[in-house]
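Structural features, examined
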Amino acid sequence: MDELRTKYLDAIGGAADEAALEDIRVQAVGKKGEVALKMRELGKMTPEERQVAGPKLNALKDEINSAIAAKKSGLADAALDERLRTEWLDVTLPGRPARQGSIHPISQVTEEISAIFGDMGFSVAEGPQVESDWYNFDALNIPPHHPARQEFDTFYMHRDTTIEGGDNRPPHVLRTHTSPVQIRAMEKTGAPIRVIAPGRVYRSDYDQTHTPMFHQVEGLAIDKDISMANLKWTLEEFVRAFFEIDEIELRFRASHFPFTEPSAEVDIRCSWAGGTLKLGEGDDWMEILGSGMVHPKVLQSAGVDPDEWQGFAFGLGIDRLAMLKYGIPDLRAFFDSDLRWLRHYGFSSLDVPTMRGGLSR
Ligand code: PHE
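What this report covers is the structure whose coordinates are included nearby. Every residue gets a number counted from 1 within its own chain, in the order that chain's sequence is written. Residue-level local features of this predicted model are given only where pLDDT is at least 70; pairs of side-chain atoms are given and counted only at 80 or more, and the full residue set underlies all totals for whole chains, interfaces and linings. Only hydrogens and water are removed before side-chain values are computed, so all heavy atoms of the structure are retained for them.

It is worth spelling out the overall build of the protein chain at this point. If you tally the helices and strands in the protein chain, you get 12 helices and 10 strands. Projected onto the principal axes, the alpha-carbon positions of the protein chain cover approximately 135 × 55 × 40 Å. The classification of residues rests on relative accessible area computed with a 1.4 Å probe and restricted to protein chains. Under 20% of the type maximum is buried, over 50% is exposed, and intermediate values are partly exposed. The buried share among the 361 residues of the protein chain stands at 42%. The contacts in the protein chain between residues at least 6 apart in sequence include a share of 65% that link residues at least 24 apart. With residues, only the protein chains shown are counted as cover, and all accessible areas are computed by Shrake-Rupley using a 1.4 Å probe. About 20,500 Å² of surface is accessible on the protein chain, with carbon and sulfur atoms providing 51% of the total. Charge centroids of the protein chain, computed over 41 positive and 57 negative side chains, lie 9 Å from each other. Secondary structure counts use DSSP, requiring at least four H or I residues in a row for a helix and at least two E residues in a row for a strand, with both numbered from the N terminus. Any two residues whose heavy atoms approach within 4.5 Å at even a single point are treated as in contact. In this count, Lys and Arg are taken as positive residues and Asp and Glu as negative ones, while His and the chain termini are left out. Working definition for charges: the position is that of NZ of Lys, CZ of Arg, CG of Asp or CD of Glu.

Listed below in structure tokens is the structure:
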């Protein structure tokens with residue numbers, strides 16, 4: 001019995017984990033373990049012998065069981081200590097900063113405009129910002145010495161003298177309007193067509209409401225019987241949806257563009273009183289777009305037969321609309337990249353404008 005005790009207490013002391021401990025338990029005090037076998041021998045003993053051996057065997061069994069229990073809790077403590085040592089978290093690390101970026105008002109307003117015209121069946125077309133003289137001018141019925149060329153304050157690119165005859169070709173320009181996309185879109189898909197083309201345009205001009213780079217959305221609708229009435233309805237519908245108010249006053253002024261006939265410029269009633277810009281009141285008018293019926297020569301330049309097709313076009317200033325809608329008084333601040341301005345006027349990336357979900361916050 002002393003041998004058994006030494007054997008098992010040593011084994012328990014050296015057990016590496018709970019599985020080893022369980023094996024030892026089965027071998028020692030399990031139903032068929034060594035202690036049980038010894039218990040069976042009690043039957044063959046004399047009553048006097050049994051009286052001595054019985055309690056001793058029971059005591060041995062208890063001793064082994066409690067040694068196992070003690071070892072088990074020791075192993076559990078060690079396992080916990082090991083986890084505490086390896087699985088830790090530095091709670092003194094600084095927290096994650098709140099969102100830093102925001103959507104620029106121009107991007108937001110471009111999305112709003114696209115949502116409104118998308119709802120009216122217009123899809124989005126694009127063209128390059130460095131444009132050829134042909135697309136920016138000639139194709140739009142503005143031939144080389146036309147006075148309208150002076151009105152645009154155009155930025156010219158260097159002539160490409162590396163190509164044959166490059167010296168004599170007109171230089172490319174930074175497009176002065178989005179109207180060249182009318183031509184590109186019609187060349188691509190022909191008529192009927194209903195597109196808008198938002199993008200950057202460039203003119204050498206700088207004051208509170210002009211920056212050398214600004215944004216326009218071109219609109220173009222060509223079909224068999226589109227008239228000036230459709231143009232007026234479309235623009236009024238757009239302006240009402242965009243500003244989300246009915247008390248908007250538009251003024252259509254007879255005008256002239258080489259690429260439309262007849263032509264109209266559209267102003268919106270506003271007030272600058274006290275340095276804040278307000279809509280639908282006051283005695284000021286802010287020009288927001290130029291428009292008209294697409295000139296037959298323009299259709300022709302784009303390969304569309306003017307005897308068969310007709311329609312309207314307009315060019316709308318995105319920056320102006322953003323200033324009016326969100327009460328931003330100085331256009332130049334849009335492009336200063338001043339973080340305080342961007343945080344104040346910027347939009348959350350989750351504020352995606354849709355016609356059903358609401359256009360603005
Ligand atoms: N392209 C003209 C401008 O930038 C606007 C316009 C577009 C006018 C389409 C008529 C038709 O001033």
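What follows continues from the structure just given.
What follows concerns the pairing of strand β5 (residues 213-223). Along a regular strand, successive side chains alternate from one face of the sheet to the other. Most of β5 is tucked away: 10 of the 11 residues are buried. Bridge analysis of strand β4 (residues 193-202) against β5 gives 10 bridges, and the strand direction is antiparallel. Residue pairing for β5: R194 is matched across the bridge by A221. DSSP calls a pair of strands paired once it identifies at least 2 bridges connecting them. With 8 bridges connecting them, β5 and strand β10 (residues 310-317) associate as antiparallel partners. Each bridged residue has a counterpart across the sheet, and for G219 the counterpart in β10 is F314.

For the rest of this paragraph, the subject is the nonpolar core. In this structure, I113, F238, F243, I268 and L324 are the most contacted members of the largest nonpolar core, which totals 44 residues. Look past the residues within four positions of I268 in its chain and what remains in contact with it is V239, F243, I248, E249, L250, L279, D284, W285, M286, I288 and L324. The next biggest cluster of nonpolar side chains, apart from the first, holds 27 residues, and it includes I193, A302, W309 and A313. The criterion is simple. A nonpolar core is a set of buried Ala, Val, Leu, Ile, Met, Phe, Trp, Tyr and Cys residues joined through side-chain atoms within 4.5 Å.

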